[in-house]
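# Per-entry structural report
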Amino acid sequence: MNERPLVLVMEDAKNVLLNTVITIKEQTGLPSSILDGIVSGILADLRKDSCSEISLAAARERQALMEKEAKSEPKKEE
């Protein structure tokens, strides 16, 4: 995993994204008002993916807890 502080990784990612948008604007000649709509659509997709990631992580955590509890319960002899 990356050893750099998360805030620095986040700042680098932000700068790369911003530079990419600026490059696309220069290459296509699209006005900022059009790019705003495109970036908003991308953001909506990212938010959807984020919700899915959170749901999946929560489900995995619940499953792990259930497995841990099942292992720690004393077995009943019949």
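Residues numbered from 1 in each chain as written. Predicted model: local features only at pLDDT ≥ 70, side-chain atom pairs only at ≥ 80, totals over all residues. Heavy atoms only, no water.

## Structural notes on the overall build of the chain
Note the threshold: Secondary structure counts use DSSP, requiring at least four H or I residues in a row for a helix and at least two E residues in a row for a strand, with both numbered from the N terminus. Taken over C-alpha atoms, the radius of gyration is set against a globule rule of 2.2 Å times the number of residues to the power 0.38. Here the term buried applies to any residue with accessible area under 20% of the maximum for its type, exposed to any over 50%, and partly exposed to those in between, with areas from a 1.4 Å probe on protein chains only. Per-residue accessibility takes into account occlusion by the displayed protein chains alone, with areas from the Shrake-Rupley method and a 1.4 Å probe. Positive residues here are Lys and Arg, negative ones are Asp and Glu, while His and the chain termini are left out of the count. The location of each charge is read from NZ of Lys, CZ of Arg, CG of Asp or CD of Glu.
The helix and strand tally for the chain stands at two helices and zero strands. By the compact-globule yardstick of 12 Å for 78 residues, the chain is too spread out, its C-alpha radius of gyration being 22 Å. The proportion of buried residues among the 78 residues of the chain is 1%. Total accessible area on the chain stands at roughly 7,500 Å², and carbon and sulfur atoms take up 60% of it. Side-chain charges in the chain split into 11 positive and 14 negative, and the spacing between the mean points of these groups amounts to 1 Å.

## As for the pattern of salt bridges
Cut-off, in case you're wondering: Any Lys or Arg side-chain nitrogen found within 4 Å of a carboxyl oxygen on Asp or Glu counts as a salt bridge.
In this structure the tally under the stated criterion is one salt bridge. With its nearest N and O atoms 2.5 Å apart, the salt bridge here joins Asp12 to Arg4. Overall, Asp12 belongs to the partly exposed group, its relative accessible area being 35%. Overall, Arg4 belongs to the partly exposed group, its relative accessible area being 39%.

## Focus on the packing of helix α1 (residues 6–28) against helix α2 (residues 32–72)
Packed helix pairs are characterised by how far apart their axes lie and by the angle those axes make with each other. What counts here: In this analysis, axes come from line fits to C-alpha atoms, helices being fitted only over the stretch in contact, and the angle between any two N-to-C directions falls in the range 0 to 180 degrees. What sets the label is the angle itself: under 35 degrees gives roughly parallel, over 145 gives roughly antiparallel, 65 to 115 gives roughly perpendicular, and the rest give oblique. Whether a crossing is left-handed or right-handed is set by the direction in which the near helix is turned from the far one by less than a right angle, anticlockwise for left-handed and clockwise for right-handed. Residue contacts are defined here by distance: any two heavy atoms, one from each residue, within 4.5 Å place the two residues in contact.
Taken N-terminus to C-terminus, the directions of α1 and α2 make an angle of 130°; their axes are 11 Å apart at the nearest point. Of the possible angle classes, the one that applies to α1 and α2 is oblique. When the axes of α1 and α2 are compared, the crossing they make is right-handed. Across the interface between the two elements, Val21, Ile24 and Lys25 from α1 touch Ser32, Leu35 and Val39 from α2.

## Thoughts on α1
Quick note on the threshold: The span one expects for a helix is its residue count, reduced by one, times 1.5 Å.
With 23 residues, α1 should reach 33 Å at 1.5 Å per residue; the first-to-last C-alpha distance of 33 Å fits that figure. Count one or two residues on from α1 and you reach Gly29, which has phi positive near 75°.

## A look at a nonpolar patch on the surface
Defined as follows: Within this analysis, patches are made of residues with over 30% relative accessible area and no salt bridge. Like charges are joined at 9 Å or less; nonpolar side chains (Val, Leu, Ile, Met, Phe, Trp, Tyr) at 5 Å or less.
On the surface, Ile34, Ile38, Ile42, Leu43 and Leu46 cluster together into a nonpolar patch covering about 430 Å² of accessible area. Looking at the element boundaries, Leu46 is found in helix α2. The class for Leu46 is exposed, based on a relative accessible area of 52%.

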